[in-house]
Amino acid sequence: MTNNFLTTIKSLKLIEGCKAAQLYALSSVGATASTSGSGDAGGSSRPQPPPPPKAISMRSGSLYYPHAAPSTSGAFVPEPHLPCGLPVADALEPALDACLRPVDHVAALAASYRRVSAATSSAAEGGGEGDDLCDAYLEQHALFQSMGDARLLRRALRAARVHAGDPHRRAVLAAWLRYERREDELDPAPPPLAPCTATTPLLECPRAAVFAGVSAGVDPVCPCRRPYTPPLPAASSFSEDETNDLWFIIGEEEVACERSSIASLSKPLNTLLYGGFAEAQRDRIDFSRDGITPRGMRAVAAYSRHGRVNDFPPDTISQLLAFANRFCCDGLKAACDAELAAMVRGADDAHSLIDVGLEEASHLLLASCLQAFLRELPGSLTNPDVSRLLCSPEGRERLDAAGNASFALYYFLSQVAMEQDAKSNTTVMLLERMSECAERPWQRQLALHQLGCVMLGRGEFEDAQEWFEAAVAEGHVYSLAGEARAKYKRGHKYAAYKLMSSVVGEYDEPAGWMYQERSLYCVGKEKLADLSSATELDPTMTFPYKYRACAMLEEDKAASAIEEIGKVIGFKMATDCLELRAWFYLALEEYELAVQDVRAVLTLEPGYMMFHGRMHGEQLIELLRGQLQQWDMADCWMQLYDRWSAVDDIGSLAVVQQMLSREPGNSSLRFRQSLLLLRLNCQKAAMRSLRYARNSSLHEHERLVYEGWILYDSGHRDEALAKAEQSISLQRSFEAFFLKAYALGDSSMDTESSLSVVQLLEHANSCASDNLRKGQAYNNMGSIYVDCDMLDEAAECYGIALNIKHTRAHQGLARVHYLKNRKQAAFDEMTKLVRIATNSASAYEKRSEYGERDAAKTDLNTATILDPTRTYPYRYRAAVLMDENKEEEAIAELSGAIAFKPDLQLLHLRAAFFESMGDGASTLRDCEAALCLDPTHGDTLELYSKASKRPEPES
């Protein structure tokens, strides 16, 4: 079979394609998750296999290594069944983060909180503008990018939208919020400017964005949902009460008007008709050269008498708008602007009216037209006219002259373009426009750094270096890493090493990325030492694990290599790491395990390309089919039950992906896939699976449930609840009741409300479903009973869940034992879960709550090794150290974790420690950083208030 596999791969001419010893980068600019391919900006959201790269690739999904190269150790010889060779450690290269990355995250977050507080106070006192608050929240959004927390990013965007003080920014941010939910990928996609439904998030309403008035706040009632008000009767062209004492001559026609009414339109017209001009003495005035038609002038006359423009067609209103601009008729201009803006109901209307808006500087009309284009992103960027307007310097100047160019606009556009294709000309032009609109230091830092990242990916290293240097000059220290990378690409390796060494030496507490970057420019023990320091300071960076794993493989330590790369996969589902482990399994001829990882990769990124981007993952699986045990759908279900019960999330993902390859239209499987992805903290992929589930569902009640989960996972709880109720009204189903219970349970509830949630879960279990979902429902019921102090009922629910192999119910049952003062029984119960889920950091962490101090320390140390991003172990160890009066060690324990994960609870605890030590400045700083992450956190607010009132110590 191995020979057949070799022959098949040879037939694809992969050997010849892999002989080049060229170095490719793994950078991915502007993406929060690894991806393997990208299309043109505005193309399909499904990545397409790109052509082989010539100099550098920006795609983080595929691993680009020079293969069949001689091993530096000489110990490992490539196996004959791996014609593409093995990954070479020295060819690896980490991605540069295309976002703001401050050296001191805590200080940056604290400063951002102070700016928001100052802007809020200024706005409350009437001395500031809403745009100051809007910009402050956009800065928070930029800071949160490097933290990768989708909830923080959404919250910052929503706050920016709430405080946007003009229609332009409101339209941009409403479109951005809508884009984040990817409504354009629903089938059929709702029209971009369609009136809101009962479940449309209020902040995304297109009418509220443009027609909200002067208030920067948000109207609690969506304009689309207000009762319909019929228009006033159309004004007749003649009334007995009207007097005509003035005629405007246009060509051969005369238009009758009322002098006083025309004069009231503006001060210039009043001066013309009643001032010292000759026209003041005439009853007939020639307007033939003033660019207005008789029809347009009759409309002016009608408006001057009745104050309405809604009776006229668009071309007439356009003439009125031009007349208003020529004679400074502010009221007429505002009425025409609003009426034309209301006529924009889609992209076609926007195309026909945007030139009018640009020529006449019509603010609302332009905001409406831009909104139509923005709500069709990324597709609208493929339209030449739209692209020319948004991307070119001339287009930006025209928008700016009309008051509709802003940093927020180009920040949004550049993010979209980078997700589609970070190397495209469209991306470069949008980033250049963004840099031109940048006014504040953080805006310039972001735009210049991202331009450097994009140019580096395009292989334009000299330009990249210049952009990075400009970003450094603006104060962005992390851009020094890009500057060093560009120098290295230009052949100046020692200069790159010297630059990064100076960065490491400049700071008393260097960041992990500094050592990682310096490691690229040294060799041997020095390189490994830097990588070790990088992992110690920031264990979440994947490159050190990947390098060490490849180095181990070169030394013929395949098992150690798999263990090393498995360390990072245990807490971070990175596609490049999964691909690397699959490669190792292939080297060991462990085909089942290799295919399991490939299937997990394809779940995260359906278009993923293996072997330097030359083979799709599905194609590799097909080639290995002869090496694998064949399962039918019944076998797959059995495997899914076994792996789900074994808390093997990656194995479960692989089985679901295999089932979907046979039944791609199975919406229920797509939904289960999304649940697994959410458990693995892969929200972007989970949302994509939910959209697939919704699009492939054949029943309306199912579609409503999936739409509800999309809303819930986007932070719209009330709208999700409404979807669940709509679904139940059509048909009772497990998933509809479960969604309703979940949405209701996500809030503080009294006992009566909690028991109503239990009743909903009982309704869910009375409907048809499988034991995988029923086990989850019983587990949730047990948790609610525990919260209501109904321990016997909780134990019964957990027991039922365990009987149907919902293994995680051991955790709930352990809690019941503990609350019944059976601590040892609780520990033993968690031990059962630990034995099944041997690599679950959560299981060890929970067991630590029921063990003695030494056992708890051991469990928490194990949890930190398995998942260094879990914060409870650090807090526990720090608290123990404080109890032992080891204050400096306690602070160091928390600071080590905060350095790579600025977490609310960690910051609050460290602030409390500083407060007990009398360090007021550090207390305030940590409180401000924590409040930047959650402005409503009660304990931190109380501590901050207390620390703020403490008098400063005398020097």
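First, a word on scope: everything that follows refers to the structure included in this document. Values in this document were obtained by computation on a predicted structure and should not be read as measured data.

### Things to note about unusual backbone geometry
Thought 1: The omega torsion across aspartate 187 and proline 188 is 0°, close enough to zero to call that bond cis.
Thought 2: As for its position among the elements, proline 188 is in the loop between α6 (167-180) and α7 (206-210).
Thought 3: Each neighbour pair has its own omega, and for leucine 377 with proline 378 the value is 5°, a cis peptide bond.
Thought 4: Mapped onto the secondary structure, proline 378 falls in the loop between α14 (363-374) and α15 (384-391).
Thought 5: In this model, arginine 182 sits at a positive phi of 55°, which is unusual for a non-glycine residue.
Thought 6: Among the structural elements, arginine 182 can be located in the loop between α6 and α7.
Thought 7: The backbone of aspartate 556 shows a phi angle near 65°, a positive value even though the residue is not glycine.
Thought 8: Summarising the element assignment, aspartate 556 is placed in the loop between α25 (543-554) and α26 (558-569).

### Re the nonpolar core
Thought 1: Among the nonpolar cores identified, the biggest contains 187 residues, and Leu138, Met297, Phe323 and Leu399 are the most heavily contacted of them.
Thought 2: Discounting chain neighbours no more than four positions away, the residues touching leucine 138 are Leu157, Ala160, Leu173, Trp176, Ala408, Tyr411 and Trp442.
Thought 3: Counting residues in each nonpolar core, the second largest holds 44 residues, with Met687, Leu711, Met781 and Leu802 among its members.

### Here's the deal with the pairing of strand β1 (residues 246-250)
Thought 1: Because side chains alternate across β1, one face comprises the buried residues Leu246, Phe248 and Ile250, and the other comprises Trp247 and Ile249, none of which is buried.
Thought 2: For β1 and strand β2 (residues 253-257), the ladder comprises five bridges, and the chain directions are antiparallel. Within the sheet, the bridge partner assigned to leucine 246 lies in β2 and is cysteine 257.
Thought 3: Of the strand pairs in this sheet, β1 and strand β3 (residues 284-286) are connected by three bridges, and their pairing is parallel. By the bridge assignment for β3, phenylalanine 248 is matched with isoleucine 285.

### A closer look at the packing of helix α44 (residues 872-883) against helix α45 (residues 887-898)
Thought 1: One can describe the packing of α44 onto α45 by two numbers: an axis separation of 7 Å at closest approach and a directional angle of 170°. When the interaxial angle is binned, α44 and α45 end up roughly antiparallel. Contacts between α44 and α45 pair Tyr874, Arg875, Arg877, Ala878, Leu881 and Met882 from the former with Glu887, Glu889, Ala890, Glu893, Leu894 and Ala897 from the latter.
Thought 2: In the contact of α44 with α45, the residues fall into seven nonpolar, no polar and five charged.

### Describing a negative patch on the surface
Thought 1: Taken together, Glu462, Asp463, Glu466 and Glu469 make up a surface patch of like negative charges.
Thought 2: Tracing the sequence through the fold places glutamate 462 in helix α20 (residues 461-473).

### Focus on the pattern of salt bridges
Oppositely charged side chains can form a pair if their charged atoms are brought close together.
Thought 1: This model, assessed by the stated rule, comprises 58 salt bridges.
Thought 2: We note a salt bridge from arginine 182 to glutamate 419, for which the minimum N-O separation is 2.7 Å. Within this pair, whereas arginine 182 is found in the loop between α6 and α7, its partner glutamate 419 is found in helix α17 (residues 407-420), the two being separated by 237 residues in sequence.
Thought 3: When its relative accessible area of 11% is taken as the criterion, arginine 182 is described as buried.
Thought 4: Two residues, lysine 487 and glutamate 483, come together in a salt bridge whose shortest N-O distance is 3.4 Å. On the criterion of helical spacing, the pair formed by lysine 487 and glutamate 483 is a turn pair, its members being four residues apart in helix α21 (residues 479-489). Each of the two residues, lysine 487 as well as glutamate 483, counts as buried.
Thought 5: Through salt bridges with shared partners, a single ionic network connects Glu93, Arg485, Lys489 and Glu517.

### A few points about empty space enclosed by the protein
Thought 1: With the rule as written, the count across this model stands at two cavities of 30 Å³ or more.
Thought 2: The space that makes up the second largest cavity amounts to roughly 40 Å³.
Thought 3: If you go around the second largest cavity, the residues you meet are Ala175, Arg178, Tyr179, Asp184, Leu374, Arg375 and Leu377.
Thought 4: Per-element tally for the lining of the second largest cavity: the top contributor is α6, with three residues.
Thought 5: Taken together, the residues that form the lining of the second largest cavity break down as four nonpolar, no polar and three charged.

Rules of the game
- Residues numbered from 1 in each chain as written.
- Predicted model: local features only at pLDDT ≥ 70, side-chain atom pairs only at ≥ 80, totals over all residues.
- Heavy atoms only, no water.
- Helix = DSSP H or I, 4+ residues; strand = E, 2+ residues; numbered from the N terminus.
- Core = buried A, V, L, I, M, F, W, Y, C linked by side-chain atoms within 4.5 Å.
- Buried < 20%, exposed > 50% of the residue type's maximum accessible area, 1.4 Å probe, protein only.
- Contact = heavy atoms within 4.5 Å.
- Pairing = 2+ DSSP bridges.
- Axes fitted to C-alpha atoms, helices over the stretch in contact; angles between N-to-C directions.
- Parallel < 35°, antiparallel > 145°, perpendicular 65-115°, else oblique.
- Nonpolar A, V, L, I, M, F, W, Y, C, P; charged D, E, K, R; others polar.
- Patch = residues over 30% accessible without salt bridge, like charges linked within 9 Å, V, L, I, M, F, W, Y side chains within 5 Å.
- Areas by Shrake-Rupley, 256 points an atom, 1.4 Å probe, with all protein chains shown as cover.
- Salt bridge = Lys/Arg side-chain N within 4 Å of Asp/Glu carboxyl O.
- Lys, Arg positive; Asp, Glu negative; His and termini not counted.
- Charge placed at Lys NZ, Arg CZ, Asp CG, Glu CD.
- 1 Å grid on protein atoms, 1.4 Å probe; cavity = no way out; pocket = protein on both sides within 12 Å on 5 of 7 lines; lining within 4 Å.
- Points joined across faces, edges and corners; volume = space filled by probe spheres on them.

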